[in-house]
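Analysis of the macromolecular model
Here is how the chains run, residue by residue.
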Amino acid sequence: MSETEEKKMPNVTSSPHVRAKDDTQRIMAYVIIALMPATVFGVFNFGIRALLIIVSTIAASVLSEYIYCRIVHKKNTTRDLSAVVTGLLLALNLPSSAPIWLGILGGAFAIIIVKELFGGLGQNFMNPALGARCFLLISFAGLMTDFSDYPGFQDTFGGATPLATLKAGKSVDTMRLILGNIPGTIGETSMIAIVIGAIFLILMGVITLRIPGTYILTFAVFTIIFGGHGFDMNFLVNELAGGGLMLGAFFMATDYVTSPITPSGQIIYGILLGVMTGIFRFFGSSAEGVSYAIIFSNLFVPLIEKATIPRAFGIRREKKEKKAKEA
Amino acid sequence: MSLRTFKGGVHPFEGKDLSKSKPVKDLLPKGELVFPVSQHIGAPAKPLVAKGDTVLRGQKIAEAGGFVSSPIYSSVSGTVKGIEKRRTATGDMVDSIIIESDGNFMEVGFHETEDVTKLSNKEIISKIQEAGVVGMGGAGFPTHVKLSPKEPDKIDYIIANCAECEPYLTSDYREMIEEPEKLIDGMKIVLQLFPNAKGVFAIENNKPDCIEQISNLIKDDEKLSVQPLLTKYPQGGERQLIHAVTGRDINSKMLPADAGCIVDNVATLMAIYDAVKLGIPVINRVFTVTGDAVCEPRNFRICIGTSYQELLDAAGGLIHDAKKEISGGPMMGFALYGLDVPTTKTTSALLCLTEDAASEYEETACINCGRCVDACPEGLVPSRLADYSKHGQKEEFEKWYGLECVECGSCSYGCPARRPLAQYIKTMKKQVLADKKKAAAAAKDKK
């Protein structure tokens, strides 16, 4: 009797009493792993300077979150690794010629202004990395679009990124585009490296094809109709592989926090992204359009979710029956 | 035989290997047994005995308190020690009849029926009602009510719920392996009531031996078939099971009978056989004692009313400290305050775990990943419903179909932010339903 009384009382909680392995930290770690091929390729492509930018941007992001949490007496949330993902994504969206302080400024802006001031992880309505990128693009346009330190930049590409070359009406070697031996931001150039990471994320169940699939498909259709080249396979592949489309579609449009949670909403969101990117690229003044398309579409997410509340299991049947009864 | 399933669901660690291979052991209790008068959905039963009365095993000690109610029988012979409030496995204090067993297990006479096929429908249902058969999978809905739908001719499927999708539980499995004929005969009795119905044994494919054995036994019967199901939680949920077997969907406002189905689980069909063929009321059931903290996990055929502590002792007690003790499975079971609670008709397991994931993790911010949406077998958006619950937004909660929740816990299970989503939703659901009840009562008063 005394033995059972001495025994510590067991925990009492509401069911379920077991949990799956994946937590937020692990999911973020998967995303970091998935970004490694693009990161390694970026360093290989642009040299050690790229690595410096990546490391300093990540450090700035994580430090910003830590300091912010200290100042406002919030629980330190850096352990969830989401700040690392933000810093890495932002760095991959910077040109390797950018000064180090640009990445640091961007990282701090992403975390403090775009994420924490809106309530921290899960509350921000705009993708932090992209919000910061667009802030930098507008504020430091020259530094952000200077791709001149790429080896052989002037000779091979005439001083422009592939998309700018395309926009000027010239063609680009498709194979180089797919492999990534081209100027551009650190992480966006290699379609292959990005797709390898994306396949990993899909296999690990972190993302589905709903958003990136509809995004890329919609953009391809838009390109064929409005791109001005008709069904030109070469042009199409260049448009898909060039610019930040692949990186944006698989790693930034799929950002959980800033995309719809409803399955049909994700499809609508993907279509919206495709159309926006097309409009910005073909009718806008800049060759790029992915970042703007994504942060712009972020604003529509609450609306999309409201319009796409999924019908619960077994509900349709009832409605039909009701109608049948009324008739 | 193609594999069927439903949309959504999760794959928790099965843990069935702990207890599945050992045969069911009969366990005769000592000392005091406790019989709560409410072991079913509906009105509590009314005690027929008083302090000091002697009772026999199989004697009715409480009669049904109405049509939607069920009588209760003593599982031992002995003396009534009193009627008092006792804590049950769900944590409630319920009026209970306490009987001190004399250790002799003297039985009342049970009257076997020679030829069940000669019984009329009315006789069958009354035997089931009289024997106190209720849904023994956990819901405890009186079986005679379930078997009396408005239009019996429209029932075309009797589904034996052999999914046993809750992790760790193996009582249905053991019964299917050890007494498949009894299960099939129980199904045949139910089929007798419904001339247009086919009987389907719906079994998850993690039990291939059961699928094979039952298929072989019923191969000459045109009305019976086996439907293998994909192993996935909550495959044994009534709505999910009906969808998997028939492709028909029902919502929270409908009964299985509205889709032409009646679903009974393994233990219930066994109890129907006992009641109709053998004339034995519900006094025993098969019960799993398992978990990584238990010395010798296995199944027992218990006398209903035996305490959880006695069952744990019979399984060799604990070898490790149990952080959590659960009545039922890990997904929908109830955490226990202590083991001094009685087994009832609807309790199927005692699970003692050395780890308690539910209280180990801290709730963090929702990252909107949508895993709860993918996991929800009802097609809901649990993370939103949890927010509406937190903020008391009842209208939004209903608009997002919160009342359709089946409380399976799949959302909480998969949530990477470790939010207790199901708990939030259950809480709000209770409030909304209570409001509705109040409003309905108020409307009635006005009239």
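Keep in mind that what you see is a predicted model, and the values were worked out from it rather than measured. (Residues numbered from 1 in each chain as written. Chains lettered and ligands numbered in written order. Predicted model: local features only at pLDDT ≥ 70, side-chain atom pairs only at ≥ 80, totals over all residues.)

**Side note on the nonpolar core**
Residue and element names in this part refer to chain B. By size, the foremost hydrophobic cluster in this structure holds 223 residues, and its most contacted members are I159, A160, A202 and I272. Looking at which domains feed residues into this core, each of domain 1 (118-278) and domain 2 (371-446) supplies at least three. When neighbours within four sequence positions are excluded, A160 is seen to be in contact with L183, M187, G199, V200, F201, A202, D264, V266 and L269. (Core = buried A, V, L, I, M, F, W, Y, C linked by C-beta atoms within 7 Å. Buried ≥ 20, exposed ≤ 12 C-beta atoms within 10 Å, placed from the backbone. Domains from an automatic or database assignment. Contact = placed C-beta atoms within 7 Å.)

**Observations regarding the sheet that holds strand β11 (residues 224-229) of chain B**
Residue and element names in this part refer to chain B. On the basis of which strands lie adjacent, the open sheet formed by 4 strands has the order β11-β10-β9-β12 and parallel pairing. A strand with exactly one partner marks an edge of an open sheet, and here the two such strands are β11 and β12 (261-265). Each strand axis lies, on average, 25° off the axis of its neighbour in the sheet, ignoring direction. Sheet topology note: the strand β9 (residues 157-162)/strand β10 (residues 198-204) ladder contains 6 bridges and is parallel. Following the sheet pairing, A160 is matched in β10 by F201. (Pairing = 2+ DSSP bridges. Helix = DSSP H or I, 4+ residues; strand = E, 2+ residues; numbered from the N terminus. Axes fitted to C-alpha atoms, helices over the stretch in contact; angles between N-to-C directions.)

**Brief notes about the domain arrangement of chain B**
Residue and element names in this part refer to chain B. As far as domains go, chain B holds domain 1 (118-278) and domain 2 (371-446). Using only C-alpha atoms to locate each centre, domain 1 and domain 2 end up separated by 29 Å. Each partner contributes to the interface: domain 1 provides 7 residues, whereas domain 2 provides 6 residues. Residue composition of the side of domain 1 that touches domain 2, grouped by class: 2 nonpolar, 4 polar and 1 charged. (Nonpolar A, V, L, I, M, F, W, Y, C, P; charged D, E, K, R; others polar.)

**What about the sheet that holds strand β6 (residues 72-73) of chain B?**
Pairing is antiparallel across the open sheet formed by 3 strands, whose spatial order is β3-β5-β6 (chain B). With one partner strand each, in any of the chains shown, β3 (46-47) and β6 of chain B form the two edges of the open sheet.

**Some details on helix α2 (residues 24-46) of chain A**
Helical periodicity: at 3.6 residues per turn, an α-helix aligns residues three or four positions apart in one direction. All names here are of chain A. Taking 1.5 Å per residue as the helical rise, α2 with its 23 residues ought to reach 33 Å, and the 32 Å between its terminal C-alpha atoms agrees with that figure. Along α2, the sharpest kink reaches roughly 40°, centred on M36 and followed within four residues by the proline P37. Backbone geometry just after α2 places G47 at a positive phi near 90°. (Expected span 1.5 Å × (residues − 1). Bend = angle between axes of the 7 residues up to and from the residue.)

**With respect to the packing of helix α15 (residues 263-283) of chain A against helix α16 (residues 290-298) of chain A**
Packed helices, taken two at a time, are described by the angle between their axes plus the distance between the axes. All names here are of chain A. α16 packs onto α15 with a crossing angle of 140° between their chain directions and a minimal axis gap of 8 Å. The orientation of α15 relative to α16 falls into the category oblique. The chirality of how α15 crosses α16 is right-handed. Residues Y269, L272, L273, M276, T277 and F280 of α15 form the contact with α16, whose participating residues are V290, Y292, A293, I294, F296 and S297. (Parallel < 35°, antiparallel > 145°, perpendicular 65-115°, else oblique. Left-handed = near helix turned anticlockwise from the far one by under 90°.)

**Focus: the interface of chain A and chain B**
On the side of chain B, 54 residues touch chain A, which itself brings 33 residues to the contact. Counting only elements with at least two residues in the side of chain A that touches chain B, the list comes to α2 and α18 (315-326) of chain A. In terms of residue count, α18(A) provides more of the side of chain A that touches chain B than any other element does, 3 residues in total.

**Overview of the packing of helix α4 (residues 171-178) of chain B against helix α8 (residues 266-278) of chain B**
Residues and elements named next belong to chain B. Contact geometry of α4 with α8 gives a least axis separation of 9 Å together with a crossing angle of 50°. Considered as vectors, α4 and α8 are oriented oblique to each other. Across from S171, D172, E175 and M176 in α4, the residues of α8 making contact are V266, A267 and M270. Residues belonging to the contact of α4 with α8 are distributed by class as follows: 4 nonpolar, 1 polar and 2 charged.

**Things to note about the pairing of strand β15 (residues 324-327) of chain B**
All names here are of chain B. Side chains of β15 alternate between two faces, with K324 and I326 and E325 and S327 buried alike. By the bridge criterion, 4 bridges tie β15 to strand β17 (residues 349-353) in an arrangement that is antiparallel. What sits directly across from E325, in β17, is C352. Across 2 bridges, the pairing between β15 and strand β16 (residues 334-335) is antiparallel. Residue S327 lies in a different strand from β16, and its bridge partner there is F334.

**Some points on the pairing of strand β8 (residues 93-101) of chain B**
Residues and elements named next belong to chain B. Pairing of strand β2 (residues 32-36) with β8, which is carried by 5 bridges, proceeds in the antiparallel orientation. What sits directly across from P36, in β8, is S96. The sheet contact formed by strand β7 (residues 78-87) and β8 spans 9 bridges and is antiparallel. Bridged to R87 within β8 is M93. Linkage of β7 to β8, two consecutive antiparallel strands, is achieved through a turn of 5 residues, within which G91 is found at a positive phi near 100°.

**Overview of the confidence of the model for chain A**
Residues with a pLDDT of 70 or more make up 89% of chain A, whose mean pLDDT is 87. For the stretch residues 1-6 of chain A, pLDDT sits under 50, and the model shows 0 contacts to residues farther than four places along the chain or on other chains. (pLDDT = per-residue confidence, 0-100.)

**Considerations on unusual backbone geometry**
Of note, the bond from A:S15 into A:P16 is cis; its omega dihedral lies within 30 degrees of zero at -5°. Inspection of the secondary structure puts A:P16 in the loop between α1 (2-6) and α2. A cis geometry characterises the amide bond from B:Y233 onward to B:P234, with omega recorded as -5°. Examined against the element boundaries, B:P234 turns out to sit in the loop between β11 and α7 (238-246). Notably, B:E164 is not glycine yet its phi reads approximately 40°, a positive angle. Along the chain, the position of B:E164 falls in the loop between β9 and α4. Positive phi outside glycine occurs at B:N368, with the angle close to 65°. Within the secondary structure, B:N368 sits in the loop between α10 (357-360) and α11 (371-375).

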